[in-house]
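Residues per chain are reported as follows:
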Amino acid sequence: MVITSLGTYAQKTFDHDYWESTITAIVHVESNGNTNAVNGSCVGPMQISRQLVKECNKILRQKKSSKRYTLSDRKSLTKSKEMFYLFQEKYNTSGDITRAIRTWNGGLHYKTSRTNRYLRKVKDAMK
């Protein structure tokens, strides 16, 4: 969405430039840029789970889009970013970067105490 002031969004579009430093830091922390990285059930440069792919496809269906992501799309940095944007557009409409980082690590119902270390790592990588 287009930012009218930091963290405030217009309704129709999504500004990818706003998220670029966050995504770059997440990629660094998650995989150091390795598109073939695997950690348990999470795969790719942003360590995307099967559940996130499923959720993104659900969001796309709700938007009446014919586009769908596959599990192999997790290895594509471009498609991983698209999934990040889609997830943030749906579940982080205020554009809160801290919330974005915490949900990326701990899911929609994250526990603050369990995401503090990850938040620090990503914020440090953003510097």
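Here the structure is a predicted model, which means the values were calculated and not measured.

> Give me the layout of surface pockets: which residues, what numbers.
Computed from the structure, the largest pocket encloses a volume of approximately 300 Å³. Lining the largest pocket are 15 residues; nearest its centre among them are Ser49, Gln51, Leu52, Thr103 and Gly107. Breaking the lining of the largest pocket down by element, the ones donating at least two residues are helix 2 (50–62) and helix 4 (97–106). Examining the composition of the lining of the largest pocket, we find that four residues originate from one element, helix 4, more than from any other. Residue composition of the lining of the largest pocket, grouped by class: six nonpolar, eight polar and one charged.

> Go over the pattern of salt bridges, please, and point to the residues and values.
Taken as a whole and assessed by the stated rule, the structure comprises five salt bridges. Here Lys79 ties to Asp73 by a salt bridge, and the two come within 3.3 Å at their closest N and O atoms. For Asp124, the salt bridge is made with Lys127, and the minimal N-O distance between the two is 3.6 Å.

> Lay out the nonpolar core in plain terms, naming residues and giving numbers.
Grouped together as the largest cluster of nonpolar side chains are 25 residues, with contacts concentrated most on Met46, Phe84 and Trp104. Elements that contribute at least two residues to this core include exactly helix 1 (16–31), helix 2, helix 3 (77–91), helix 4 and helix 5 (112–126). Examining the composition of this core, we find that six residues originate from one element, helix 1, more than from any other.

> Could you give an account of a positive patch on the surface, with specific residues and numbers?
Together, Lys54, Lys58, Arg61, Arg68 and Lys90 make up a positively charged patch on the protein surface. It is helix 2 that contributes the most residues to the positive patch, three residues altogether. The residue Arg68 is located in the loop between helix 2 and helix 3 in this model.

Reading the values: the criteria
Residues numbered from 1 in each chain as written. Predicted model: local features only at pLDDT ≥ 70, side-chain atom pairs only at ≥ 80, totals over all residues. Heavy atoms only, no water. 1 Å grid on protein atoms, 1.4 Å probe; cavity = no way out; pocket = protein on both sides within 12 Å on 5 of 7 lines; lining within 4 Å. Points joined across faces, edges and corners; volume = space filled by probe spheres on them. Helix = DSSP H or I, 4+ residues; strand = E, 2+ residues; numbered from the N terminus. Nonpolar A, V, L, I, M, F, W, Y, C, P; charged D, E, K, R; others polar. Salt bridge = Lys/Arg side-chain N within 4 Å of Asp/Glu carboxyl O. Core = buried A, V, L, I, M, F, W, Y, C linked by side-chain atoms within 4.5 Å. Buried < 20%, exposed > 50% of the residue type's maximum accessible area, 1.4 Å probe, protein only. Patch = residues over 30% accessible without salt bridge, like charges linked within 9 Å, V, L, I, M, F, W, Y side chains within 5 Å. Areas by Shrake-Rupley, 256 points an atom, 1.4 Å probe, with all protein chains shown as cover. Lys, Arg positive; Asp, Glu negative; His and termini not counted. Charge placed at Lys NZ, Arg CZ, Asp CG, Glu CD.

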